[in-house]
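Residues per chain, in single letters:
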Amino acid sequence: RVGTVAKIRQSVKNDGSIHLLCECRARASVIDYRRTGKIATATLIAKEISLADNGGVRGEAYCRKLLDALEEMLEFVGNASSAIRSEASNMVDPSLLCDFIASAVLVRQADKQAILEEFDPFDRCELLISVLKSECDLMRYEHEIQEKARGRIVQGQREYYLREQLKIIEDELYTDLVPYLEND
């Protein structure tokens, strides 16, 4: 498995759980994992691929593609999108931008893990762009389904309202006609 080597910046105990704020140092592959009582230890190989000059023109192109894919994704998100958009737009390293977007907007843990396991920055960008496009397609279909359901509900409510109006009109007409019918 692949994970991250991180420095714990802050820990907060809350209702029996511990929340950690960590600073990632590097990606790492687990070679060996041991548990002795409550203590776990692991042997790792830390791997880090850095891009000279943020990947140059190719890195800048990937940043643009990532920001475009993020923008499309944020159309579906809502309130948190402005903070994410602001933070992402200030990043120039495609590797860091990719990791930030993955952690900020991806929902499925398997997708996050797949991004984490990709060490090459450009391959990671390609993978994330693909995942974001798939996620956008999924959210677009969900939105279409919601709109169709909403339309059917509105149509059903409209029909019910009109049926009730018709019943009231029929009752009123019948009530108004009863005296005339009794006289005949």
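About the cut-offs
- Residues numbered from 1 in each chain as written.
- Predicted model: local features only at pLDDT ≥ 70, side-chain atom pairs only at ≥ 80, totals over all residues.
- Heavy atoms only, no water.
- Salt bridge = Lys/Arg side-chain N within 4 Å of Asp/Glu carboxyl O.
- Helix = DSSP H or I, 4+ residues; strand = E, 2+ residues; numbered from the N terminus.
- Buried < 20%, exposed > 50% of the residue type's maximum accessible area, 1.4 Å probe, protein only.
- Phe/Tyr/Trp six-rings, centres within 6.5 Å; stacked < 30°, edge-to-face > 60°.
- Lys NZ or Arg CZ within 6 Å of the ring centre and 35° of its normal.
- Expected span 1.5 Å × (residues − 1).
- Polar contact = N/O pair within 3.5 Å; in protein donor to acceptor, adjacent residues only side chain to side chain.
- Core = buried A, V, L, I, M, F, W, Y, C linked by side-chain atoms within 4.5 Å.
- Contact = heavy atoms within 4.5 Å.
- Pairing = 2+ DSSP bridges.
- Axes fitted to C-alpha atoms, helices over the stretch in contact; angles between N-to-C directions.

> So what's going on with the pattern of salt bridges? Residues and values would help.
For the structure shown, the criterion picks out 12 salt bridges. E164 serves as the salt-bridge partner of K167, at 3.6 Å between the closest nitrogen and oxygen. Of this pair, K167 and E164 both sit in helix α5 (residues 121-183), separated by 3 residues, roughly a single helical turn. By relative accessible area, which is 28% here, E164 ends up partly exposed. Residues participating in the shared-partner salt-bridge network are E72, K133, D137 and R140.

> Residues and numbers for the packing of aromatic side chains, please.
Within the structure shown, the criterion is met by 1 aromatic pair. Between Y62 and F122 the ring centres are 5.3 Å apart and the planes differ by 20°, which places this aromatic pair in the stacked class. Linking Y62 in helix α1 (residues 56-74) with F122 in helix α5, this pair joins segments that are 60 residues apart in sequence. F122 shares its class with Y62; the two are buried. For the cation-ring pair, K47 lies above F119, with the distance from its terminal atom to the ring centre recorded as 4.6 Å.

> Describe helix α3 (residues 94-105), listing the residues and the values that go with them.
For α3, built from 12 residues, the straight-helix expectation of 16 Å at 1.5 Å per residue is met to within 8% by its first-to-last C-alpha distance of 16 Å. Those residues of α3 that sit buried are P94, S95, L97, C98, F100, I101, A102 and V105. For α3, the side-chain oxygen to backbone nitrogen distance between the N-cap and S95 is 2.9 Å, and the N-cap itself is D93.

> Can you break down the nonpolar core residue by residue, with the values?
Core analysis: the largest hydrophobic core is formed by 25 residues, its most contacted members being L66, L70, I101, V105, L106, L128 and L132. Broken down by secondary-structure element, the contributors of at least two residues to this core are α1, α2 (81-89), α3 and α5. For this core, the element with the highest residue contribution is α5, accounting for 8 residues. When residues no more than four places from it in sequence are discounted, the contact partners of L128 are L66, C98, I101, A102, L106 and I115.

> An account of the sheet that holds strand β3 (residues 39-47) is needed here, citing residue identities and associated values.
Hydrogen bonding along the main chain pairs the strands of a sheet, whether they run parallel or antiparallel. In space, the 3 strands of this open sheet follow the order β1-β2-β3, with antiparallel pairing throughout. Looking at which strands have only one partner, the edges of the open sheet turn out to be β1 (2-14) and β3. The mean inter-strand angle of the sheet, taken between neighbouring strand axes irrespective of direction, is 65°. Judged from the 9 bridges that link them, strand β2 (residues 17-36) and β3 form a sheet pairing that is antiparallel. Each bridged residue has a counterpart across the sheet, and for R27 the counterpart in β3 is K47. Relative to β1, helix α4 (residues 109-117) is tilted by about 130°, and along the sheet it contacts β1 and β2.

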